[in-house]
Amino acid sequence: MTLAQWLDIPFSIIQAPMAGAQGSRLAMAVSQAGGVGSLPAAMLSSSQLQQELAVLQQLGGQPYNLNFFCHQPPADDPAAQAGWQALLAPFYQELGIVPAATGGAGRLPFNQEMADLVSQYRPALVSFHFGLPAPALLQQVKASGAKVLSSATTVAEARWLQANGADAVIAQGLEAGGHRGMFLHDDLDEQLGSFALLPQIVQALDIPVIAAGGIADAAGVAAAMRLGAAGVQVGTAYLLCPEADTSPLHRAALRSPAAAHTALTTLYSGRPARGIVNRLMRELGPRHPAAPAFPLASAALAPLRAAAEALGRDDFSPLWCGQNASGCWEIPAGELTRQLAAGLVG
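Residues numbered from 1 in each chain as written. Predicted model: local features only at pLDDT ≥ 70, side-chain atom pairs only at ≥ 80, totals over all residues. Heavy atoms only, no water.

What to know about helix α13 (residues 333-341)
Next up, step 1: Among all positions in α13, only A333, G334, L336, T337, L340 and A341 are buried. An end-on view of α13 places all buried positions within 160° of arc, on one side of the element.
Next up, step 2: Looking at the buried side of α13, the elements it contacts are β1 (13-15), α2 (24-32), α9 (218-226) and β9 (231-234). (Buried < 20%, exposed > 50% of the residue type's maximum accessible area, 1.4 Å probe, protein only. Helix = DSSP H or I, 4+ residues; strand = E, 2+ residues; numbered from the N terminus. Arc of directions from axis to C-beta. Contact = heavy atoms within 4.5 Å.)

Structure (structure tokens):
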């Protein structure tokens, strides 16, 4: 069964949730075009999420996806934070910044307050990154009528998700931009590219599998469907759409030759995430052991990012991007969705 048949919509296409680069505008545009728009909720407070959900209610019966993180918040580690700030000290000095005590995490795991909002607004899909929430919270989501998706980066993770209540699995290939959804282990050597991972997960599971990572045009969509995907999830290609909230510096990087060089980095959050290589990644190396545990690494970088961006520089900005930015065009999200959907035919 395809995603379109499962949800009774025109196109088996999900717009990937991209925290920090989009809100309800992009999600609405994709859903209105016949795909599934996604709203990332991990960086939103409860009141912010309610505001965005109120906008999405205008879709009426058209489905949308609400995305959450399921990480376990780390214990405070003042020594690790101090070491991280010490490593960043030359950058602070260069920009004339006196670092303050670092704040808390900027990304929240799924909790009871969020589950209650799911029960109230009843999205058609709820997707999770880094596994699944506690059984009681997961059951509340399912009781709302939502179909539950979660990302798998290995066959073992896909099997775990099916065994623990996921209704469909997103096979996230190594090419994908943003955070890796890995949750059973942190061994990057076991991570596979999309078209190696996808058929193995399709063969291993009895539930629908959504392909993600490196899919940027109709030909990529068609290839994923031929390998057994029930649908595709596309993120990077939407970043230049006018409905996205991608920053001017991020947009410029996506348009430039720099977009051809991405790497998995832990510098910006503490977990591996794929982005365009910039100064911080070049000078510290993309995965430095001093970076605090997810999501605490970002706090010490916030003043550096703000100061550099004020000067028109992306030296300390996370420029999330997949390995295939060839589909990034400055066209309306609805038009891009229909272009991608051409790969679903034939």
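Looking at helix α3 (residues 46-56)
Next up, step 1: Those residues of α3 that sit buried are S46, L49, E52, L53 and L56. Looking down the long axis of α3, one finds its buried residues gathered within 125° of arc, a one-sided arrangement.

Observations concerning a negative patch on the surface
Next up, step 1: Residues D186, D187, D189 and E190 make up a contiguous surface patch of negative charge.
Next up, step 2: Locating D189 in the fold gives a position in the loop between β7 (178-179) and α8 (194-204).
Next up, step 3: Exposure remark for D189: the relative accessible area of 74% places this residue in the exposed category. (Patch = residues over 30% accessible without salt bridge, like charges linked within 9 Å, V, L, I, M, F, W, Y side chains within 5 Å. Areas by Shrake-Rupley, 256 points an atom, 1.4 Å probe, with all protein chains shown as cover. Salt bridge = Lys/Arg side-chain N within 4 Å of Asp/Glu carboxyl O. Lys, Arg positive; Asp, Glu negative; His and termini not counted. Charge placed at Lys NZ, Arg CZ, Asp CG, Glu CD.)

Points about the pairing of strand β2 (residues 37-40)
Look at any regular strand and the pattern is simple: side chains alternate between the two faces of the sheet.
Next up, step 1: Along β2, one buried face is formed by G37 and L39 and the opposite face, lined by S38 and P40, is buried too.
Next up, step 2: Pairing analysis gives 4 bridges linking β2 to strand β3 (residues 64-69), with the strands arranged parallel. Across the sheet, the residue bridging to G37 is Y64, located in β3.
Next up, step 3: Handedness of the crossover joining β2 and β3 through α3 is recorded here as right-handed. (Pairing = 2+ DSSP bridges. Right-handed = clockwise from strand over helix to strand, strands pointing away.)

Some remarks on the pattern of salt bridges
Next up, step 1: What the rule picks out here adds up to 9 salt bridges.
Next up, step 2: For E309, the salt bridge is made with R305, and the minimal N-O distance between the two is 2.9 Å. Of this pair, E309 and R305 both sit in helix α12 (residues 297-310), 4 residues apart, which is roughly one turn of the helix.
Next up, step 3: We classify R305 as partly exposed; its relative accessible area is 33%.

Quick look at the pairing of strand β6 (residues 168-172)
Next up, step 1: Most of β6 sits out of view: 5 of its 5 residues are buried.
Next up, step 2: By the alternation rule, side chains of β6 split into A168, I170 and Q172 and V169 and A171, which are all buried.
Next up, step 3: Taken together, strand β5 (residues 147-152), helix α7 (residues 155-163) and β6 form a β-α-β motif whose crossover is right-handed.
Next up, step 4: Sheet topology note: the β6/strand β8 (residues 209-212) ladder contains 4 bridges and is parallel. Following the sheet pairing, I170 is matched in β8 by I210.

Points about the environment of V209
Next up, step 1: Along the chain, V209 turns up in strand β8.
Next up, step 2: Along the sequence, V209 and A152 sit 57 residues apart, while their C-alpha atoms lie 9.8 Å from each other.
Next up, step 3: When sequence neighbours within four positions are dropped, the list of residues in contact with V209 reads V169, A171, L198, I201, V202, A229, A230 and G231.

Notes on the nonpolar core
Next up, step 1: Residues L49, F68, F110, F128, I201 and Y238 are the most contacted members of the largest nonpolar core, which totals 73 residues.
Next up, step 2: When near neighbours in sequence (up to four residues on either side) are disregarded, F128 contacts N67, F68, C70, F110, P133, L138, V141, V148, L149, S150 and S151.
Next up, step 3: One finds L267, A297, L301 and L304 within the second-largest nonpolar core, a separate group that totals 22 residues. (Core = buried A, V, L, I, M, F, W, Y, C linked by side-chain atoms within 4.5 Å.)

Thoughts on the sheet that holds strand β10 (residues 262-265)
Next up, step 1: The strand order across the open sheet formed by 3 strands is β7-β11-β10, and the pairing between neighbours is antiparallel. Both edges of this open sheet fall to β7 and β10, since each of them pairs with a single strand only.
Next up, step 2: As defined by bridge partners, β7 adjoins strand β11 (residues 273-276) across 2 bridges and the pair is classed as antiparallel. Bridging from a neighbouring strand, G178 pairs with R274 of β11.

Some details on the packing of aromatic side chains
Next up, step 1: Counting across every chain of the model gives 9 aromatic pairs.
Next up, step 2: Chaining the aromatic ring pairs together yields one cluster made of F68, F110 and F128.
Next up, step 3: Here the basic side chain of K147 rests over the ring of W6, its NZ or CZ set 5.3 Å away from the ring centre.
Next up, step 4: For the cation-ring pair, R271 lies above F130, with the distance from its terminal atom to the ring centre recorded as 3.9 Å. (Phe/Tyr/Trp six-rings, centres within 6.5 Å; stacked < 30°, edge-to-face > 60°. Lys NZ or Arg CZ within 6 Å of the ring centre and 35° of its normal.)

Let's talk about the sheet that holds β3
Next up, step 1: Taken in spatial order, the 8 strands line up as β1-β9-β8-β6-β5-β4-β3-β2 in an open sheet, and their pairing is parallel. Sheet topology places β1 and β2 at the edges, where each strand pairs with a single neighbour. Direction aside, the axes of adjacent strands within the sheet are offset by 25° on average.
Next up, step 2: In terms of strand pairing, β5 meets β6 through 4 bridges, oriented parallel. Bridge assignment links A152 to a residue of β6, and that residue is A171. (Axes fitted to C-alpha atoms, helices over the stretch in contact; angles between N-to-C directions.)

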